[in-house]
Amino acid sequence: MFDLVLIKVLFGTLLLASSSAVVGVFSFLKGESLVGDAIAHALLPGVVLAFILGEGRHPGYLIIGALTAGLIAHYGIAFIEQRTKLKSDTAVSLVLSTFFGFGILLMSYVQRTGQGQQAGLERFLLGKAAAITMMDLYVFMGLALLLLLGVALFYKGFQLMTFNEDFAAAIGLPTGLIRFAFTVLTVLAVTVGIQTVGVVLMAALLITPSAAARSWTSSLPRMLLLAALFASAAALGGTFISATLPKMPTGPWIVLVLGFFGFSSLILAPEKGWLARRKRATSNRNKTQRENLLKLLYGAEERAGEPVAMTADAMVDAREAHYEGLTMTLRNLKKEFLVVERPDGFALTDMGRSEGRRVVRLHRLWELYLTERLGMAADHIHPQAETMEHVITPEIEALIVKELGNPEVDPHQSPIPYEED
Amino acid sequence: MGKSIEVHNLTVSYHSKPVLWDVDFELPKGKIIGVVGPNGSGKTTMLKTVMGLMKPDSGYTEIFGQPLDKVRERVSYVPQRESVDWDFPADVMDVVLMGRYRKNNLFKRITKEDRRIATEALEKVNLLEFADRQISQLSGGQQQRVFIARSLAQQADIYLMDEPFVGVDAATEDAILKLLRDMKNEGKTVVIVHHDLQTANEYFDWIVLLNTRLVAAGPKEQVFTKELLQEAYGGRLTVLSKLGDLISDTEFPLREPDFKEDQPQD
Ligand SMILES: Nc1ncnc2c1ncn2[C@@H]1O[C@H](COP(=O)(O)OP(=O)(O)O)[C@@H](O)[C@H]1O
Ligand SMILES: [Mg+2]
């Protein structure tokens, strides 16, 4: 199992994945996820030309060819953006498709002349990690080192240019040089990357580790480290899976594992993740139901002019709500001494009454605010107030009361119940 | 007293549509100066051109009597708060430290001295206890103060700030204003882009009224007159905006940027 080929492939993919992930962090943060994709496609003609001229796939030729094509594409995009009114994504796709088309054209030429079949030029399209040679490995090592050193050296420049390019220019940083350095690093990363996962999947290798890492941290150095770790883990995982299952290509597996990391991060991440958001939604729903029940009881008291009790059934009828969670909510309200259970149903305690009054007050204040300040018609405001009564904090309430000048009644002439003290 | 900023016959455009027309004024040193005009009147564009972020079609600007490149370290710039993505992974200290970045320390590590200066700047804007806070978690007013702290950390002689009072609560506004007055008392020049007329008169010693062209520039008593304000704020400058569209549509070339050399100095 642990033969030399596997170790070579393992090591190669690891170096490659982690170093391109680190470079990709800045593209991701800049919101230029597409640019890596564009460069990957644009490299193709350079690589194929180098293949023809270099009589085979000597890594040195390939890198020079790729670098040239990548830089031409990059500055081509910038040139088009500057000289025409085209939007940036249009310029990117224009250059991408032209270069890629040219590359495919060259490739079919090479294939027809029969040069390509042995070395397998198609590896650049879909990648072929298993074909990594010792020579490749040395080159990968050198490039990975170069990428990491480059990012370390230009860290301040990349950080500031990504966050606030105008400021970088204003303090006189050499923005052209920094951008050039970044482009060279991206092209180098892509050059190595496409030999393993291919042009098509390269964007995933640049961007997905960043997306996963960003879910877990808000510190740039930690994000760089995490992106590299995710990419390394994916490289290891992908290589092992493809080695275990017969006839399975490595590149797509690496990208699949990366995708798995990406999606699980989106689900599990603290605060911004799907699970955390769902939890918040549930807790908001519970809060809404609690406050609605208290409001309902308060409203009933207001109409009757005396304390009243309501059964759970009556509550469902009145609110047109479902039973779902009702028993639970009532039990919680009881536990917090906001309601008491009597033989004829549930009734408010003093604490519960005050809370119900607060919700009714917020509802009516907001209705008044909508009509007075935003000029909305009185028959359109109720649904909005139904939501906002659960959202408005005491500070905002105070602001509204002040701005409206301690109003007495809402737009429907119902009294606004303040806490009497 | 010498001049802080000179703007000479400046015309600037986006996609060959001019948004500043032949603007020409000089600003004194050691004052709080307001660049005032309605939204879209070209205030940000003017500041960006002075900072070398946009190339003028014609005209030129100087700071302390010299081109920007000669005095860059004496100039500090605060961009509009909304011009950056505050979701960027950085804490407050990271951003303030950016005020210490220079061309000649780009490849060097941040020093203890840089940290000391950044800490002092944070103290001045009352944000020291937030030094480790993620910038995405700050309120609008706090983000604005982070930007001001970053600019203080530059330790410059002139400060150009784009709308530092937008999205800021009343208490913060007072605090910023006090800070600006302290800076003025230390002999610094502060240029503030501002669109709110209500407060402009109170805040500034000197006012530049702008609306695509220069309406007036001078001590506030001279500039803050009903006629001039009406001119700046009342109605759109229909002729200029129509002409701008026309120039943009026909791609009519404006004067060249090196117009300074060609112009006889009289
Ligand atoms: N990037 C841009 N591209 C095209 N037009 C722009 C751009 N930025 C600003 N403008 C236009 O230039 C004019 C002046 O803008 P700006 O300088 O931002 O005004 P202000 O700062 O006074 O609100 C506005 O009409 C605006 O629409
Ligand atoms: Mg502006």
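Calculation notes
Residues numbered from 1 in each chain as written. Chains lettered and ligands numbered in written order. Predicted model: local features only at pLDDT ≥ 70, side-chain atom pairs only at ≥ 80, totals over all residues. Heavy atoms only, no water. Helix = DSSP H or I, 4+ residues; strand = E, 2+ residues; numbered from the N terminus. Buried < 20%, exposed > 50% of the residue type's maximum accessible area, 1.4 Å probe, protein only. Contact = heavy atoms within 4.5 Å. Pairing = 2+ DSSP bridges. Buried area = accessible area lost by both parts, 1.4 Å probe. Salt bridge = Lys/Arg side-chain N within 4 Å of Asp/Glu carboxyl O. Polar contact = N/O pair within 3.5 Å; in protein donor to acceptor, adjacent residues only side chain to side chain. Nonpolar A, V, L, I, M, F, W, Y, C, P; charged D, E, K, R; others polar. Lys, Arg positive; Asp, Glu negative; His and termini not counted. Patch = residues over 30% accessible without salt bridge, like charges linked within 9 Å, V, L, I, M, F, W, Y side chains within 5 Å. Areas by Shrake-Rupley, 256 points an atom, 1.4 Å probe, with all protein chains shown as cover. Domains from an automatic or database assignment. Near = heavy atom within 4 Å. Arc of directions from axis to C-beta. Axes fitted to C-alpha atoms, helices over the stretch in contact; angles between N-to-C directions. Parallel < 35°, antiparallel > 145°, perpendicular 65-115°, else oblique. Phe/Tyr/Trp six-rings, centres within 6.5 Å; stacked < 30°, edge-to-face > 60°. Lys NZ or Arg CZ within 6 Å of the ring centre and 35° of its normal.

Caption draft 1: Spotlight on the overall build of chain B. Looking only at helices and strands, chain B features 11 helices and nine strands. Relative to its 266 residues, chain B shows a buried fraction of 54%. In chain B, the proportion of contacts linking residues at least 24 apart, taken out of those at least 6 apart, comes to 71%.

Caption draft 2: Layout of the pairing of strand β2 (residues 17-28) of chain B. Residues and elements named next belong to chain B. Two elements, strand β1 (residues 3-14) and β2, share seven bridges in a ladder whose sense is antiparallel. Considered in β2, the bridge of S13 is made with P18. Joining the antiparallel neighbours β1 and β2 is a turn of two residues, in which H15 adopts a positive phi near 45°.

Caption draft 3: Representation of the interface of chain A and chain B. Facing the 26 residues of chain A at the interface are 32 residues of chain B. Taken as a group, A:K156, A:F163 and A:F167 account for 30% of the area that chain A buries against chain B, more than any other trio of residues on that side. Where chain A meets chain B, there are one salt bridge. A:D166 serves as the salt-bridge partner of B:K48, at 3.6 Å between the closest nitrogen and oxygen. At the boundary of chain A with chain B, the tally comes to six residue pairs in polar contact (both at pLDDT 80 or more). Put simply, the parts of the chain that give the side of chain A that touches chain B at least two residues each are α8 (155-163), α9 (165-170), α10 (175-196) and α12 (220-244) of chain A. Ranked by residues supplied to the side of chain A that touches chain B, first place goes to α8(A) with six residues. Among the residues making up the side of chain A that touches chain B, the classes are represented as 15 nonpolar, seven polar and four charged.

Caption draft 4: Seen up close, the side chain of B:R145. Residues and elements named next belong to chain B. If you trace the backbone, R145 turns up in helix α5 (residues 140-153). Among buried Asp, Glu, Lys and Arg side chains, R145 stands out as unpaired, with D169 the closest opposite charge at 5.8 Å. Dropping the residues within four chain positions of it, R145 is found in contact with V125, N126, L127, T172 and I176.

Caption draft 5: Molecular detail of a nonpolar patch on the surface. Taken together, the side chains of A:Y75, A:L153, A:L177, A:F180 and B:F107 present a nonpolar region at the surface, about 460 Å² in accessible area. Turning to its location among the elements, A:L177 is positioned in helix α10.

Caption draft 6: Seen up close, the environment of B:L197. All names here are of chain B. On the secondary structure map, L197 appears in helix α7 (residues 197-203). Of the residues examined, L197 reaches a relative accessible area of 24% and is grouped as partly exposed. Along the sequence, L197 and L97 sit 100 residues apart, while their C-alpha atoms lie 34 Å from each other. The residues touching L197, leaving out its near neighbours within four places in the chain, are V36, F224, L229 and Y233.

Caption draft 7: View of the environment of A:A73. Residue and element names in this part refer to chain A. Structurally, the position occupied by A73 is in helix α3 (residues 59-83). Residue A73 is classed as buried on the basis of its relative accessible area of 2%. With 311 residues separating them along the chain, A73 and Q384 place their C-alpha atoms 51 Å apart.

Caption draft 8: Highlighting the domain arrangement of chain A. The domain architecture assigned to chain A consists of domain 1 (4-205) and domain 2 (280-421). Between the C-alpha centres of domain 1 of chain A and domain 2 of chain A there is a distance of 60 Å.

Caption draft 9: Layout of the site of ligand 1. Residues and elements named next belong to chain B. Around ligand 1, a shell composed of Y14, V19, P38, N39, G40, S41, G42, K43, T44 and T45 is seen. Between ligand 1 and T44 there is a distance of 2.7 Å, counted from an oxygen atom to a side-chain nitrogen or oxygen. Between ligand 1 and T45 there is a distance of 2.5 Å, counted from an oxygen atom to a side-chain nitrogen or oxygen. When the free accessible area of ligand 1 is taken as 560 Å², the share hidden by the protein chains comes to 58%. With three residues, the top contributor of residues to the shell around ligand 1 is helix α1 (residues 43-50).

Caption draft 10: Spatial organisation of the pattern of salt bridges. All names here are of chain A. Tallying each qualifying case throughout the model produces 28 salt bridges over all chains. The salt bridge partner of K295 is E389, with a shortest N-O separation of 2.7 Å. Taken together, the positions of K295 in helix α14 (residues 274-304) and E389 in the loop between α18 (382-388) and α19 (394-404) put the pair 94 residues apart, joining distant regions of the chain. The exposure class assigned to K295 is buried, which follows from its relative accessible area of 11%. When its relative accessible area of 1% is taken as the criterion, E389 is described as buried. Of the charged contacts, one joins R358 and E355 as a salt bridge, the two residues approaching to 3.0 Å between their closest N and O atoms. Here R358 and its partner E355 are both found in helix α17 (residues 350-373), three residues apart, which amounts to about one turn of the helix.

Caption draft 11: Fine view of helix α16 (residues 326-335) of chain A. Residues and elements named next belong to chain A. For α16, the complete set of buried residues consists of L326, T329, L330 and L333. Summarising the axial view, the buried residues of α16 lie within an arc of 100°, below the 170-degree limit, and thus occupy one face. Turned more than 90 degrees from where α16 packs its buried face, T327 and K335 sit exposed. The positive-phi residue at the C-terminal boundary of α16 is F337, with phi of around 60°.

Caption draft 12: Structural context of unusual backbone geometry. Residue and element names in this part refer to chain B. Residue D22 is not a glycine yet carries a positive backbone phi of 50°. Residue D22 is classed as partly exposed on the basis of its relative accessible area, which comes to 42%. The phi dihedral of E163 falls on the positive side, at around 50°, and the residue is not glycine. Positionally, E163 belongs in the loop between β6 (158-162) and α6 (170-185).

Caption draft 13: Structural context of the environment of B:D182. Residues and elements named next belong to chain B. Note that D182 resides in helix α6. Under the relative-accessibility criterion, D182 is labelled partly exposed at 32%. Separated by 81 residues in the primary sequence, D182 and Y101 place their C-alpha atoms 24 Å from one another.

Caption draft 14: Structural view of the packing of α8(A) against α10(A). Residues and elements named next belong to chain A. Close contact between α8 and α10 brings their axes to 10 Å; oriented N to C, the two are set at 100°. The orientation of α8 relative to α10 falls into the category roughly perpendicular. Taken together, the residues of α10 that come into contact with α8 (itself represented by G157, F158 and M161) are T175, I178, R179, A181, F182 and L185. Partitioning the contact of α8 with α10 into residue classes produces six nonpolar, two polar and one charged.

Caption draft 15: Quick peek at the packing of aromatic side chains. Evaluated as defined, the whole model comprises 14 aromatic pairs over all chains. Arranged with centres 6.0 Å apart and planes meeting at 80°, the rings of A:F163 and B:W86 form a pair that is edge-to-face. In this pair, A:F163 is assigned in helix α8 and B:W86 in the loop between β5 (75-78) and α3 (92-97), connecting two distinct chains. Residue class for A:F163 comes out buried when judged on its relative accessible area of 5%. Between A:F163 and B:F147 the ring centres are 6.5 Å apart and the planes differ by 70°, which places this aromatic pair in the edge-to-face class. Here B:F147 lies in helix α5 and A:F163 lies in helix α8, a pairing that spans two chains. Grouping aromatic residues by their ring pairs yields a cluster made of A:F26, A:F154, A:F158, A:F182 and B:F107. Over the face of the ring belonging to B:Y101 we find A:K156, whose NZ or CZ atom lies 4.9 Å from the ring centre.

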